[in-house]
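Structural characterization, general
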Amino acid sequence: MTTTWRLDELGDDLDPGRPRELSAALVATFERLHGVPPAGVFAAPGRVNLMGEHTDYNGGWCLPMALPHATYVAVRRRDDRRLTVTSLQQVGAFSIDLDGLDPASLRGWSSYPAGVVWLLEASGLRMPGMDLVIDSRVPVGAGLSSSAALECAVALAACAMAEVAVDAQMRRRLIDLCVRAEREIVGSPTGGMDQTAALLARPGEALLLDCLTGRTEGVSWSFPEASLLIVDTRAQHSLSDGQYGDRRAECARAAAALGLDLLREAPDLGVALRRLTDDILHRRVRHVFSENLRVGAAVRAIRGGEHRELGRLFTESHESLRDDFEVSCAELDLVVDTALVEGAYGARMTGGGFGGSAIVLVADAKLARVRAAVTSAFAERGFTRPAFVVATAAGAAAEVESLTR
Ligand code: GLA
């Protein structure tokens, strides 16, 4: 997804803004563009993943946490069947007729909102025409799930306009539908963790997700004297450029070679490794297997308040993603190495990799030091200046404002 993110407005930090203020500004923009106020404003959060990377499409476990950074959608029903979408992050609006819409003709960012509405209709829910105006505080390309936030916010807005109640069961349906929009219409073969976090997360908690059964469990996030620092390296990250799909295909090949549907089903790492001759598949399997174990260990560390152990697991996960799964990059490695030298408990890349963000678990007393050291290490290497934010655990997608309905 290409965009022009307004770095000048963000300054150095990834400011999530205040939902009420952002929503009020979006209502005013909607009114200016359409001459009438919207019927409501819906928001869905980005997420940061604490542990369990590239495990979701292998049927494994992961541990995402929703962020206060959200995508906001102001919406109003139309009397005809047109869908118009304006995004404050994109140049140019688009307008399409829902009758006769061919999803294969969708290109670029329009495939996210239009794809979701098309799939809602294809699933049997009659969609009215709608005007949507979108604003986002989830940075694009930062590995914090801007795509899922957009899909899920549009899904909630469209359901409201179609008068479809979104109860717990409908949220589960919307997760599947948004994942399908991303895979089948946008063309990014992602795994489902992001949409699950956006639609099911609870404030103050990380979400333990079993991707085989869909079972979720809240894990209360509280480290009184430590912070979870997100560092957006601003190195390019796109899930539809092939490397993510390559990793997914390698995992599928390894599972097939082991006679399994999903790598999660491998009962024993030693046995699996002895049966695989290919060195690359060897290393991919070793990552997935060890990463799944680290999710359980991370949950125990969080529940026990063991920040040193959680930090150790972060760093071990990074090494596995860097050496065995090969999805890190120079900028992500530099954040991790620098944070460790400055005395952080641990650090790892988060999300799909190949750029995007890293997370650092660090004592509050050392937070400023880590930040300054990472900034100057980036300057020395000639990398783009990174952006920082201390993560807090936000809740799931919801209606922010109900106006004229
Ligand atoms: C991206 C995908 C997720 C997941 C992560 C890696 O964020 O959207 O489904 O696979 O990468 O853990």
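Scroll up for the structure.
Values in this document were obtained by computation on a predicted structure and should not be read as measured data.

For the protein, the helix and strand inventory stands at 12 helices and 13 strands. Its C-alpha atoms give the protein a radius of gyration of 21 Å, near enough to 22 Å, the size a compact globule of 405 residues would have. With respect to the three principal axes, the spread of C-alpha positions in the protein is 60 × 50 × 40 Å. Burial status across the protein gives 60% buried among its 405 residues. Restricting the contact set of the protein to residue pairs at least 6 apart, pairs at least 24 apart contribute 74%. Of the side-chain charges in the protein, 43 are positive and 53 negative, and the distance between the mean point of each set is 2 Å.

The full set close to the ligand counts 14 residues, and Glu-53, His-54, Asp-56, Asp-194 and Tyr-244 are the nearest of them. Within the side chain of Arg-47, an N or O atom sits 2.9 Å from an oxygen atom of the ligand. At 3.3 Å from an oxygen atom of the ligand is found a main-chain nitrogen or oxygen belonging to Gly-352. Relative to its unbound accessible surface of 310 Å², the ligand loses 98% to contact with the protein. Across the shell around the ligand, the residue classes tally to four nonpolar, six polar and four charged.

The next subject is the packing of helix α5 (residues 168-186) against helix α6 (residues 193-200). The interhelical angle for the contact between α5 and α6, taken along N-to-C directions, is 145°, at an axis separation of 9 Å. Between α5 and α6 lies a crossing of right-handed hand. Residues Arg-171, Arg-172, Leu-174, Ile-175, Cys-178, Val-179 and Glu-182 of α5 form the contact with α6, whose own contacting residues are Gln-195, Thr-196, Leu-199 and Leu-200. A class-by-class count of the residues in the contact of α5 with α6 yields six nonpolar, two polar and three charged.

All right, on to the packing of aromatic side chains then. With the rule as written, the count across this model stands at four aromatic pairs. Ring centres 5.2 Å apart and planes at 65° place the aromatic pair Phe-94 and Trp-109 in the edge-to-face group. Of this pair, Phe-94 sits in strand β5 (residues 94-97) while Trp-109 is found in the loop between β5 and α3 (111-122), placing the two residues 15 residues apart along the sequence. Residues Phe-94 and Trp-109 agree in their burial class; the two are buried. With 5.5 Å between their ring centres and 75° between their planes, Phe-378 and Phe-383 make a pair best called edge-to-face. The pair Phe-378 / Phe-383 is uniform in exposure class, with both members buried. For the cation-ring pair, Arg-264 lies above Trp-61, with the distance from its terminal atom to the ring centre recorded as 3.7 Å.

Basis of the calculations
- Residues numbered from 1 in each chain as written.
- Predicted model: local features only at pLDDT ≥ 70, side-chain atom pairs only at ≥ 80, totals over all residues.
- Heavy atoms only, no water.
- Helix = DSSP H or I, 4+ residues; strand = E, 2+ residues; numbered from the N terminus.
- Rg over C-alpha atoms; globule rule 2.2 N^0.38 Å.
- Buried < 20%, exposed > 50% of the residue type's maximum accessible area, 1.4 Å probe, protein only.
- Contact = heavy atoms within 4.5 Å.
- Lys, Arg positive; Asp, Glu negative; His and termini not counted.
- Charge placed at Lys NZ, Arg CZ, Asp CG, Glu CD.
- Near = heavy atom within 4 Å.
- Polar contact = N/O pair within 3.5 Å; in protein donor to acceptor, adjacent residues only side chain to side chain.
- Areas by Shrake-Rupley, 256 points an atom, 1.4 Å probe, with all protein chains shown as cover.
- Nonpolar A, V, L, I, M, F, W, Y, C, P; charged D, E, K, R; others polar.
- Axes fitted to C-alpha atoms, helices over the stretch in contact; angles between N-to-C directions.
- Left-handed = near helix turned anticlockwise from the far one by under 90°.
- Phe/Tyr/Trp six-rings, centres within 6.5 Å; stacked < 30°, edge-to-face > 60°.
- Lys NZ or Arg CZ within 6 Å of the ring centre and 35° of its normal.

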